[in-house]
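# Chain and residue survey
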Amino acid sequence: MGYAHDYAAAIMQRGRVPMPPVDFVPNWSDGPRKAKYYPGVDSLPLPAADYPADASLDRAFGFADGAPGAGEFDLTSLSGMLLDSYGLTGRRLGVQANTDLSALPFYPLANWSRGSASGGGLYPVSVYWVSGPNGPVTPGVHYYSTRHHTMQRLLTGDVSGEVREALGGYANETFTDQYLVLGIKYWQNSFKYNSFSFHAVSMDLGAAVQTWRMWAGARGLSVEPAMWFDEARLQKLLGVDGDEEGVFAVVPLKWAQGRASSPTGPVPGDVSVRHRDIERSRAVFTFDALLKMQAATSEHAPERPAPGALAPAAAPPVNPDLPLAPLPAARPMPGDVRTVLRRRRSSFGRFDASRPVTAEQLAACLAAAGTGSRLGGDTGTGPGAGTGDGVRLAKLYAFVNHVDGLEPGAYEYDPDARELRLVKAGRPGEFLQRNYFLSNYNLEQAGAVLVPTVRTSAVLDAVGDRGYRLVNATIGAVAQSVYTACSALELGCGVALGFDNVSYIEELGLDATGEAPLLIMMIGNERPAPADFRYEIA
């Protein structure tokens, strides 16, 4: 067994056995920027993005008819997808229960909203665009500057062949010379979360990719990540230190025909981005667990899992002997993807139990969560990227507090039949709050708390330590799906990692199946007339 097994065990136990360094305190005044900074580079402003009238959320989730994957990206659609996922689209100035409330009124510390969720609101994912001759701009490597919504040119010249070579056989199955490469600069997260940061940032990756999948799916486009490739080769191309920034995914883009008829060959191996990110922090620390996880999950990165490899790690089926709790048909998802993503936010203590969630709303949130449980229908390792299994890795449980027509209790969700089965009867509010570490939510006031689980050890046994990235990316995709569904249904939503994982294993009886509860997602109606500052009309 590799180091990822040890790290996964420590994550499960951290509510009872703190992970080192136990005495670490973030130096907020010396924190990093929330994006990389490349001084002196040229910038390419991205065009305003139009949006088709039929870009509905039901189509994004695959609940409505459409032709997924049939369309082709162009510069306008790329611009829109990046802006609506990771671009800055508004300010958060609402009065709520989170611990950062005192900083919100100060513009230098402004908390900007984005379409994708992120642990701690830190957004450590770096998006690079590697464009070949088929693209709309001079070939090269660009960095997406979220603050300016521009592409910053880091290298001029066609290096798309390097990406294709790094992808191996996946390049033959996804014929293109346009790629989005997703890196994660660890210090943007570890300055706050130290050893725990690898766990959080790999979920951030899944949240970002799932936003792209929904956005693209609503337009008849396709976004599927490759997660097994020659990571060291791409780190060299991007000019990043492997201990400081991991390359977690590559997304090939089916592109509208440009100037060249086909991708060109590989480039000399010594080509690399020469520009360097300038760090704001005067003191940058490394953490042993983080370094070990980067090393363990990148060591065999080019070795794509064989077809069928993930089958033994699939989510266990529901227990047919448990009492059945039928759900009504899922409530349709109103609105278009852009509007819903820009409305997404965390509730932070604003839940109101006096207005229960409807069973139709709960059914819709559970169905939406199921669309992220495969991270692209093939767990990001399917045709071209690994297994082709279509394996569902995540299973969902629901702690029901206040849902019309459902008795309080803990349930497991059957995504095929779209129904619940009762695991444990009784009001779960006291259990939920007792096992939550922070003070920014009253979990008993939520209508329901959804819990995704993955058989982490089974995934690692099946595909090696790099499977840890896949596990957490899947969980991040589930969380983003639920956030987006709640925004469409005008429900509040909050996602948290600060809970006692072992207690959830005991409460749900997961020892026998090896399932690891990795996240809790609270949904419910919020108190009316929230105290929000209307920055857009100030």
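In this text, all values refer to a predicted model and were calculated from it rather than measured experimentally. (Residues numbered from 1 in each chain as written. Predicted model: local features only at pLDDT ≥ 70, side-chain atom pairs only at ≥ 80, totals over all residues. Heavy atoms only, no water.)

### Focus: the nonpolar core
So the rule is basically this: Put simply, buried Ala, Val, Leu, Ile, Met, Phe, Trp, Tyr and Cys residues joined by side-chain atoms within 4.5 Å make one nonpolar core. The buried label goes to any residue with under 20% of its type's maximum accessible area, the exposed label to any with over 50%, and the partly exposed label to all in between, with areas taken from a 1.4 Å probe on protein chains only. Under the scheme used here, helices are H or I runs from DSSP no shorter than 4 residues and strands are E runs no shorter than 2 residues, and both carry numbers assigned from the N terminus. When checking whether two residues touch, look at their non-hydrogen atoms; a contact exists if any pair is within 4.5 Å.
Core analysis: the biggest nonpolar cluster contains 138 residues, and Leu180, Leu362 and Ile520 have the highest contact counts within it. For this core, the element with the most residues is helix α14 (residues 467-488), which contributes 13 residues. With residues near it in sequence (within four places) discarded, Leu362 still touches Leu327, Val357, Val400, Val403, Leu406, Leu420, Ala448, Leu450 and Ile523. One finds Ala35, Tyr38, Ala226 and Leu238 within the second-largest nonpolar core, a separate group that totals 25 residues.

### Points about the confidence of the model for the protein
Selection criterion: Scored between 0 and 100, pLDDT is the confidence that the predictor attaches to each residue.
Per-residue pLDDT for the protein has a mean of 90; in total, 87% of the residues score no lower than 70. Throughout residues 376-388 the model reports pLDDT below 50, and contacts reaching past four residues in sequence, or to other chains, amount to 50 contacts.

### Some remarks on the sheet that holds strand β6 (residues 150-156)
Think of a sheet as strands paired side by side through backbone hydrogen bonds, with each pair either parallel or antiparallel. What counts here: For two strands to pair, DSSP has to find at least two bridges joining them. Here an axis means a line fitted to C-alpha atoms, over the contact stretch when the element is a helix, while the angle between two N-to-C directions is reported on a 0 to 180 degree scale.
Within the open sheet, the six strands sit side by side as β1-β6-β5-β4-β7-β8. Their pairing is antiparallel. Taken across any chain shown, the strands that pair with only one partner, and hence form the sheet edges, are β1 (43-45) and β8 (245-252). For this sheet the average axis-to-axis angle between neighbouring strands, irrespective of direction, equals 30°. Note that strand β7 (residues 178-185) and β8 share seven bridges and pair antiparallel. Looking at β8, one finds that Leu180 is bridged to Val251.

### A closer look at the pattern of salt bridges
In plain terms, the rule: Between Lys or Arg on one side and Asp or Glu on the other, a salt bridge is scored when a side-chain nitrogen of the former is within 4 Å of a carboxyl oxygen of the latter.
Enumeration over the complete set of coordinates arrives at 19 salt bridges. A salt bridge links Asp30 to Arg282; its shortest N-O distance comes to 3.8 Å. With Asp30 in the loop between α1 (3-13) and β1 and Arg282 in the loop between β8 and α9 (288-298), this residue pair connects regions lying 252 residues apart in the sequence. Classification of Asp30 as buried rests on a relative accessible area of 6%. The salt bridge involving Lys185 is made with Glu279; its shortest N-O contact spans 2.7 Å. Highlighted residues: Lys185 in strand β7 and Glu279 in the loop between β8 and α9, separated in sequence by 94 residues. What makes Glu279 partly exposed here is its relative accessible area of 25%. If you follow the salt bridges from partner to partner, you end up with Arg16, Asp500 and Glu506 in one network.

### Thoughts on the packing of aromatic side chains
Counted only if it meets this: Think of it this way: a Phe, Tyr or Trp ring, Trp meaning its six-membered ring, pairs with another when their centres are within 6.5 Å, and the plane angle makes it stacked under 30 degrees, edge-to-face over 60, tilted otherwise. A ring has a charge above it when a Lys NZ or an Arg CZ is no more than 6 Å from the ring centre and no more than 35 degrees off the ring normal.
Under the definition given, this model contains 22 aromatic pairs. Chaining the aromatic ring pairs together yields one cluster made of Tyr7, Tyr186, Phe198, Phe248 and Tyr468. Arg114 extends its terminal NZ or CZ atom over the ring of Tyr86, reaching a point 5.3 Å from the ring centre. The ring of Tyr483 has Arg344 lying over it, and the distance from NZ or CZ to the ring centre is 4.8 Å.

### A short note on helix α13 (residues 456-463)
For α13, every residue scored as buried is listed here: Thr456, Ala458, Val459, Leu460 and Val463. Note on α13: the residue one or two positions beyond its end, Gly464, has a positive phi of about 90°.

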